[in-house]
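Understanding the architecture of this molecule
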Amino acid sequence: MSNRPMQPVPSEVPPSASRRRALRKMTAAVTAPPLAAASLLATARADAPVPQFDAKALSELDSIHEAQGKPADASGKPVPPHEGWGSGTVPFDGQDRPFTFGFIGDTPYNRLDQQGLKRVMAGLDDTELEFVLHVGDIKSRGERCSDILLSDRVEMMDRSQHPLIYTPGDNEWTDCGWIDPDDPYARGTPLERLHWLRSRVYHHPESLGARRMRVEQQRQMIPQLSVRDSNSLEQPRLPENMRWRIGSLQFCTIHVVGSNNAMFSTPAMREAWALRQQANAIWLTETAVLAKRYGARGLVIATHANMGFEAARNDGWTATRQAIIATAADFGGPVALLHGDTHIFRTDRLLLRSHGLENFIRVECFGSPFTWQWVTIRWNPEAAMPDRPDPERGPAFRVYTHHA
């Protein structure tokens, strides 16, 4: 992509009647409230047996972990996994303590941002953290979506001395190239760039960083898959959707991006959008159900997009907003939504006035051009214990800002 404004989507031949019916059916399935996947939360109880789809998912993930070897560095030497608490979704063993993690996103957008990010990464490296979270947009919309540039930005994150979890933003795939209705998987197009990210970043169930942290993925990424196969509707599971557990706090990422969540009009992009809505709802629901059954006291949901909870409208984020609200309402314990996208640091009780959810907070990280600043979040498990409320313990999530 050249350094110029995005071009409009070219005109296309209207899809056939059968394709239009299929698209309408898929769209209705993921936008009509309540979501089938999210509604499972209302009937899930701690004393009920684990739903069959959860057991199958965990069994599959276990087999993936066993089948895949450990990652290697550039010299071929195996990289040891992080020795901290990081894992997927496991029963809480009672070993708990406060801990802190770093939170950045929407950077770097240019050479100046790159210098700022290096300073920020150095500051993060010098801080005692369990891991660092980057919520996407590792390039600007105007930069080229080349292999070289994307590889360079991924390598910057991979130099982190802490495990680094990265979930995609829109700039690195949805805003790349033309959306060609005749060849939607051509090189340089959005779906091909998404396939590139999946093949390079999400090919192992682990974080980036000098110290790797094991995660669970929604789907194993097989690098030999074709672009078409990796975006197939027959595989409604996303390798970039991850979850991990540290003490009593459960984390997960869901692939939701800016630019109206890439709900574009071309058939292939509309299908990809529908796939992500279904997969995200299943992943979020499954994670919340397992977190409750396995004794988690808190839940963190990380994604790229600022989904506009303040405005009631039907858009590309409607299904995800519904799923997040349902999850927070059912979970009961502290829930934090972490996102980027609009580049303005903020923290608030987003759903208190609209839905009465006192347990829910939202935190947005700094983004370009505020690249010299970052956020850390400290988890206090004692403050999350409902049976021992004590205002002196403070909030379960305490948010700090820093400047390089």
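For the structure itself, look to the data block above.
Heads up: these notes are all about the structure in this document. (Residues numbered from 1 in each chain as written. Predicted model: local features only at pLDDT ≥ 70, side-chain atom pairs only at ≥ 80, totals over all residues. Heavy atoms only, no water.)

1. Focus: unusual backbone geometry
The line we're drawing: Secondary structure elements are taken from DSSP: a helix is a run of H or I of four residues or more, a strand is a run of E of two residues or more, and numbering for both begins at the N terminus. The classification of residues rests on relative accessible area computed with a 1.4 Å probe and restricted to protein chains. Under 20% of the type maximum is buried, over 50% is exposed, and intermediate values are partly exposed.
The linkage connecting Thr 107 with the following residue, Pro 108, adopts the cis geometry, with an omega of 5 degrees. Summarising the element assignment, Pro 108 is placed in the loop between strand 1 (99-104) and helix 4 (111-125). A positive phi is found at Asp 106, a non-glycine position, where the angle reads about 55 degrees. Secondary-structure assignment places Asp 106 in the loop between strand 1 and helix 4. Its relative accessible area of 0% is what places Asp 106 among the buried residues. In this structure, His 343 takes a positive phi of about 70 degrees despite not being glycine. With respect to the element layout, His 343 can be found in the loop between strand 8 (335-339) and strand 9 (346-348). Taking the relative accessible area as the measure of exposure, His 343 reaches 13% and is therefore buried.

2. Description of the side chain of Asn 280
Basically, it comes down to this: Polar contact is the term for a pair of N or O atoms within 3.5 Å; when the atoms are in protein, one must be able to donate a hydrogen and the other to accept it, and sequence-neighboring residues count only if both atoms are side-chain atoms. When checking whether two residues touch, look at their non-hydrogen atoms; a contact exists if any pair is within 4.5 Å.
On the secondary structure map, Asn 280 appears in helix 9 (residues 267-293). A polar side-chain atom of Asn 280 sits 2.9 Å from a polar atom in the side chain of Asn 241. One polar contact links the side chain of Asn 280 to the main-chain carbonyl oxygen of His 255, over a distance of 3.0 Å. Residue contacts for Asn 280: discarding those within four places in its chain leaves Leu 238, Asn 241, Ile 254, His 255 and Val 256.

3. Details of the state of the cysteines
Note the following rule: Criterion for a disulfide: a pair of cysteine sulfur atoms within 2.5 Å.
Considering all chains together, one arrives at one disulfide under this definition. One disulfide bridge connects Cys 145 with Cys 176, the sulfur atoms lying 2.0 Å from each other. Taking the sign of the S-S torsion, -85 degrees for the link of Cys 145 and Cys 176, the bridge is left-handed. In this pair, Cys 145 is assigned in the loop between strand 2 (132-134) and helix 5 (147-158) and Cys 176 in the loop between strand 3 (164-166) and helix 6 (190-201), connecting sequence segments 31 residues apart. With relative accessibility at 0%, the residue Cys 176 sits in the buried group.

Nothing here speaks to function; it is all geometry.
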